Amino acid sequence: MNFTIDPEMIPSGKNNEITENVTFHVSQVDLKTTRIWFGNEDQSNVYNPPADVVNTKAATNENTLESLGFMIYANPFEFELRSTRTLKDTLINMKGADFVISDKYLQLDLQVPSQKIYGFGERHRQFTLEKGTWTMWANGQASPYDNGQGGLQTYGVHPFALIQTQVEGEFIGLYFRNTNAASPVIRHNKATPGVQPLTDPGAALSYITTGGDIEIFVFVKGDAKGIIKQYQNFVG
């Protein structure tokens, strides 16, 4: 299901210390945008893009988690974000996920509601992102066809994914506000025989980056054009 991490394979030491005490925040920008943040508030050497360079918007904790459709579980720590329209439809969750934060390697696995995933530009390929590795790091070289093997990105960087939900015509957007090199990995879930043979079983999205914090803005309640418009209005 996941892009599995072997912690022993991650080089660690003075140049890549593992973050043992991770801080987690969830808050709301507006009725259609939720902010999820993982990081270490005590680390002054972590680079995150300034607001005057990469736009952001203030988020508040005025609403309850339940009103956002956000559920948190302990032992082990997990979360899920559900649709506030139906409550039964999960938009993203990290159940059974791999999760690592260090100075130069960060990975968060998310289960997403379908295999219809678009974005993570810029690259030369068909519109839908299939299972594979989709590197994001500005590259001024030639633009070969990106076959999902990683390292075939082109000039621009848009760390944004548009994902169809289980509700026909409805999408969510995931904006990863981070300017470090990243290589998201998509893996398709297998359908359960006799249980969901006619439905999209969803996918595992492993967001992997080389620095900073994990800051995700989740855009909800819209069709494809509406979610893209929310993203464009957010980043300016």
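Residues numbered from 1 in each chain as written. Predicted model: local features only at pLDDT ≥ 70, side-chain atom pairs only at ≥ 80, totals over all residues. Heavy atoms only, no water.

1. Remarks on the overall build of the protein chain
Okay, step 1: Counting its regular elements, the protein chain contains two helices and 14 strands.
Okay, step 2: Here the C-alpha atoms of the protein chain give a radius of gyration of 17 Å, agreeing with the 18 Å that 2.2 N^0.38 yields for 236 residues.
Okay, step 3: Once the C-alpha set of the protein chain is aligned to its principal axes, its extents read approximately 50 × 45 × 40 Å.
Okay, step 4: Burial statistics for the protein chain: of 236 residues in total, 45% are counted as buried.
Okay, step 5: Restricting the contact set of the protein chain to residue pairs at least 6 apart, pairs at least 24 apart contribute 63%.
Okay, step 6: Distance between charge centres in the protein chain, computed from 19 positive and 25 negative side chains, equals 8 Å. (Helix = DSSP H or I, 4+ residues; strand = E, 2+ residues; numbered from the N terminus. Rg over C-alpha atoms; globule rule 2.2 N^0.38 Å. Buried < 20%, exposed > 50% of the residue type's maximum accessible area, 1.4 Å probe, protein only. Contact = heavy atoms within 4.5 Å. Lys, Arg positive; Asp, Glu negative; His and termini not counted. Charge placed at Lys NZ, Arg CZ, Asp CG, Glu CD.)

2. Observations regarding the nonpolar core
Okay, step 1: Ile-36, Ile-92, Leu-174 and Ile-216 are the most contacted members of the largest nonpolar core, which has 34 residues in total.
Okay, step 2: Tyr-118, Leu-162, Phe-171 and Phe-219 belong to the second-largest nonpolar core, a separate cluster that totals 10 residues. (Core = buried A, V, L, I, M, F, W, Y, C linked by side-chain atoms within 4.5 Å.)

3. A look at the environment of Tyr-47
Okay, step 1: Here Tyr-47 lies in the loop between β2 (33-39) and α1 (65-68).
Okay, step 2: Other than its neighbours up to four places away in sequence, Tyr-47 contacts Thr-179, Asn-180 and Gly-212.

4. So, the pairing of strand β3 (residues 70-73)
Okay, step 1: As defined by bridge partners, β3 adjoins strand β4 (residues 78-82) across four bridges and the pair is classed as antiparallel. Bridge pairing in β4 places Ile-72 opposite Phe-79.
Okay, step 2: Where β3 folds back onto β4 in an antiparallel hairpin, the turn is made up of four residues, including Asn-75, whose phi is positive at roughly 55°. (Pairing = 2+ DSSP bridges.)

5. Regarding the environment of Glu-130
Okay, step 1: Along the chain, Glu-130 falls in the loop between β8 (117-121) and β9 (132-133).
Okay, step 2: Assessed through its relative accessible area of 34%, Glu-130 is described here as partly exposed.
Okay, step 3: When the C-alpha atoms of Glu-130 and Asn-147 are compared, they prove to be 9.1 Å apart, with 17 residues separating the residues in sequence.
Okay, step 4: Those residues within four positions of Glu-130 in sequence are excluded, and the remaining contacts are Arg-125, Ile-186 and His-188.

6. So, helix α2 (residues 224-235)
Okay, step 1: Between the first and last C-alpha of α2 there are 17 Å, a value that for 12 residues agrees with the 16 Å anticipated at 1.5 Å per step.
Okay, step 2: Those residues of α2 that fall on the buried side of the exposure criterion are Ile-227, Gln-230, Tyr-231 and Phe-234. Down the axis, α2 shows its buried residues gathered within 95° of arc, on one side only. The outward face of α2, more than 90 degrees from its buried face, is lined by the exposed residues Lys-225 and Lys-229.
Okay, step 3: On its buried face, α2 is in contact with β2, β10 (158-164), β11 (171-176) and β14 (214-222). (Expected span 1.5 Å × (residues − 1). Arc of directions from axis to C-beta.)

7. A few points about the sheet that holds β2
Okay, step 1: The antiparallel open sheet is built from six strands, whose spatial order is β1-β2-β14-β11-β10-β8. Each end of this open sheet is capped by a strand with a single partner; those strands are β1 (23-30) and β8. The average undirected angle you get between the axes of adjacent strands in this sheet is 15°.
Okay, step 2: Both β11 and β14 contribute to a ladder of five bridges, which runs antiparallel. Paired with Phe-176 across the bridge in β14 is Ile-216.
Okay, step 3: Packing against the sheet, α2 makes contact with β2, β10, β11 and β14, and its axis sits at approximately 140° to β14. (Axes fitted to C-alpha atoms, helices over the stretch in contact; angles between N-to-C directions.)

8. Structural notes on the pattern of salt bridges
Okay, step 1: Summed over all chains, the structure comprises six salt bridges.
Okay, step 2: A salt bridge links Glu-215 to Arg-35, with the nearest nitrogen and oxygen atoms 2.8 Å apart. Taken as a pair, Glu-215 in strand β14 and Arg-35 in strand β2 lie far apart in primary sequence, 180 residues in all.
Okay, step 3: Using a relative accessible area of 9% as the deciding quantity, one classes Glu-215 as buried. (Salt bridge = Lys/Arg side-chain N within 4 Å of Asp/Glu carboxyl O.)

The quantities given are spatial measurements derived from coordinates; they are silent on function.
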